[in-house]
Structures are given as C-alpha cells and as structure tokens.
Amino acid sequence: VSLPETPPLRISPTTCFARLPNMAESAGVKVAVRVRPFNEREKARNAASIVQMKGNTVQIINPQTGKPNPFTYDHAHWSLNSADEHFASQETVYQDVGREFLQHAFEGYNVCMFAYGQTGAGKSYTMMGGREDGEHGLIPRLCQELFARISSTQTAGVSYSVQVSYMEIYNEKVRDLLNPRSQGNLRVREHPVLGPYVEDLSKLVVSSFDDVNLLMDEGNKARTVAATNMNEESSRSHGVFTLVFTQTTTLNTLSTEKVSKISLVDLAGSERADSTGATGARLKEGANINKSLTTLGKVISALAEASSADPKKKKKTADFIPSRDSVLTW
C-alpha cells in the first residue's frame, strides 16, 4: 500500500506466505496486513489514525478529501490499541497465518513467509517478537509448535529431523549469522536439481525448540542494526531464517523421505533518505535495501503476470523473471 510521505499511521507489516498452486485451495500466495500502534514520534506529533478496518478490508482515509480507499487482504489484523475489542495479539496473528503455514510444511510443501513494509513498520516484532510472555513472534511460535507436533506424532515407523540456517543479506552480500567467523561474503550458487543455495552456509541439526531458540538469539545478536530518524533499532539487512524439515517413513525395509524447506524472512524496511536522515554508510545501506525490495516487487509482479496471462497471447519477453538482479531474489 502506497501512502503519502509522513502519514499519521503506516500499515505494517504485510506478511505473505507462498505455497504450491495445486493444493486444496486455489491460491498459491496469501497476504496479511497488520496495523501497528503509534510510536513515540507519532504520539509527540499528536498523530491521528487514517486507517479503518472491517473484516479483511482495510480503508485508508485521504486526509485532504476524506475519501476512503479500500484494500482487501486474506487476513487483516488490528493492533493499534490493545484496549480495542478486535485487537490482534501476537497469538492471533500466529493462529491466522502461522498454523496453516506449518500444516503445509508437514504435508511436504516448500513454504516461504516474509514481512514487508516501511522502516519502523513493526516487521521484526511480528516475525521475531519480544522476550516477554505473549510477545513471541511468528518464527519462535512456529518453531515451538513444530517440535510439539513432532513429539506428539512420532511413531515407530516415522522419524523427523530439522536443520537450521540463519543468514543476513547486507549491502547485497550474504553473511552467516550462526558462524562468528563469517566475513559476510558467501556466494550464491545454483544446483542443477535443488536450485539456488548459499555456499558454505552453516546448517545445524536441532532436536528441540530450546536448541532453535538459542540459535535465534545468537543470530539476532549478530544481525546488523542501526538508528535512523524513523527507527531507533532499524534492521539494516534482510534476515533469512531457514528450517529444512525431513520426515522419514520406514515400512519393512523401504524408507521414503518427505523434505520441506521452511523459509522465514524478516525484510529490511524501505525508506526515504530525507525522512531517515541517512548519510554515509546508512545512505548506502538504504540504497541497497531499496534496490533489493524493488527487485522483489518486480519478480512478484512478473510471476503474477506470467501465471495470469493467456498462453496463446503471452509474449516471450514476459517470460523473463529478473530474479538475479538481487541476492535477495536469487
């Protein structure tokens, strides 16, 4: 959703998850939107809300004309004021988005979820959350339920294994957040069968949620953050937390494996240099962030056009997907 510069309230963040199109439901992508509370800067300016929400429809009220602009999503979460009757907590967001996402992973599909929005929109809070009870975000909640389901469904003929990796994309360079010695210049390669992968990226086997939680904490401490005029703890990199979930079924002497790749992405926020006051290194970071997010938008748009176009009328040039224009979309 595009809003005028420095609006009283931002919609934040948009969380998407993708799955294969030949599943029970027709859609391969779902989009959710979340409205965050006012931050201290907005409170000091006595900002007023220009957002209204009814069901899954969000209306942006034009401050000059008062005309509403409606947008409809698969899920809409109102988190502006905890005293509101329809307030969406971290648990509500997980129940709406995370549970179905995890179910598709157990069914053997590759799934991806990412949080998208302007800097300071609350993406990291939605994905990672806080340390207090009830404040955990989508990623720790999903990991916790993953191991709870493994524990409750494990039988003599079925075994599970989970591998974790955590990386950041900073200034178009990949750094391993689980390897303190990583210099931040890992190379993206492409396997002829498995597709793109990051060379020498750590993949650690975990056996419990406590193991995952420890790795998440270590990775978050190593992630690049900095203060800007719009966000005191602005993520200056895209964080990609990946789980490779393998289910092995053994019948007599025959074993079969079902492997799901679960990608959980906390994107850095798009920003304007004049609003953030970025200079020097912060300005370069912002330029690379905007470049990768622009490429992401182009890739999504190209994929949407390719899937909806008439095969008989589709031009050959429309088949080009600019995924290699950025490390983020490779």
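What you see is a predicted model; the values in this text were computed from it and never measured.

### Examining the pairing of strand S10 (residues 188-191)
Inference 1: Summarising the sheet, S10 and strand S11 (residues 195-198) pair through 4 bridges and their orientation is antiparallel. Within the sheet, the bridge partner assigned to Glu 190 lies in S11 and is Pro 196.
Inference 2: Between S10 and the antiparallel strand that follows it, S11, lie 3 residues.

### As for the pattern of salt bridges
Inference 1: Evaluation of the coordinates by the stated rule reveals 10 salt bridges.
Inference 2: Residues Glu 168 and Arg 175 are paired through a salt bridge, measuring 2.9 Å at the closest nitrogen-oxygen approach.

### Section: the packing of aromatic side chains
Inference 1: Summed over the entire model, instances satisfying the criterion amount to 4 aromatic pairs.
Inference 2: Ring plane angle 65° and centroid distance 6.5 Å describe the contact between Phe 106 and Tyr 160, whose orientation is recorded as edge-to-face. Residue Phe 106 is found in helix H2 (residues 90-106), and its partner Tyr 160 is found in strand S8 (residues 158-170); the two are separated by 54 residues along the sequence. Across the pair, exposure class does not vary: Phe 106 and Tyr 160 are buried alike.
Inference 3: Their ring planes at 5° and their centres at 5.8 Å tell us that Tyr 160 and Phe 245 sit as a pair that is stacked. With Tyr 160 in strand S8 and Phe 245 in strand S15 (residues 238-251), the pair connects residues that are 85 residues apart, well separated along the chain.
Inference 4: Ring-pair connections join several aromatic residues into one group, and the members of that group are Phe 106, Tyr 160 and Phe 245.

### Focus on empty space enclosed by the protein
Inference 1: As enumerated under the stated definition, the model contains 4 cavities of 30 Å³ or more in all.
Inference 2: By volume, the largest cavity is sized at about 60 Å³.
Inference 3: Along the walls of the largest cavity sit Ile 169, Tyr 170, Asn 171, Glu 172, Arg 236, Ser 237, His 238, Glu 285, Asn 288, Ile 289 and Ser 292, which together make up its complete lining.
Inference 4: For the lining of the largest cavity, the secondary-structure elements that each account for two or more residues are S8 and helix H7 (281-308).
Inference 5: No other element matches the 4 residues that H7 contributes to the lining of the largest cavity.
Inference 6: Among the residues forming the lining of the largest cavity, the class breakdown is 3 nonpolar, 5 polar and 3 charged.

What counts, and where the lines are drawn
Residues numbered from 1 in each chain as written. Predicted model: local features only at pLDDT ≥ 70, side-chain atom pairs only at ≥ 80, totals over all residues. Heavy atoms only, no water. Pairing = 2+ DSSP bridges. Helix = DSSP H or I, 4+ residues; strand = E, 2+ residues; numbered from the N terminus. Salt bridge = Lys/Arg side-chain N within 4 Å of Asp/Glu carboxyl O. Phe/Tyr/Trp six-rings, centres within 6.5 Å; stacked < 30°, edge-to-face > 60°. Buried < 20%, exposed > 50% of the residue type's maximum accessible area, 1.4 Å probe, protein only. 1 Å grid on protein atoms, 1.4 Å probe; cavity = no way out; pocket = protein on both sides within 12 Å on 5 of 7 lines; lining within 4 Å. Points joined across faces, edges and corners; volume = space filled by probe spheres on them. Nonpolar A, V, L, I, M, F, W, Y, C, P; charged D, E, K, R; others polar.

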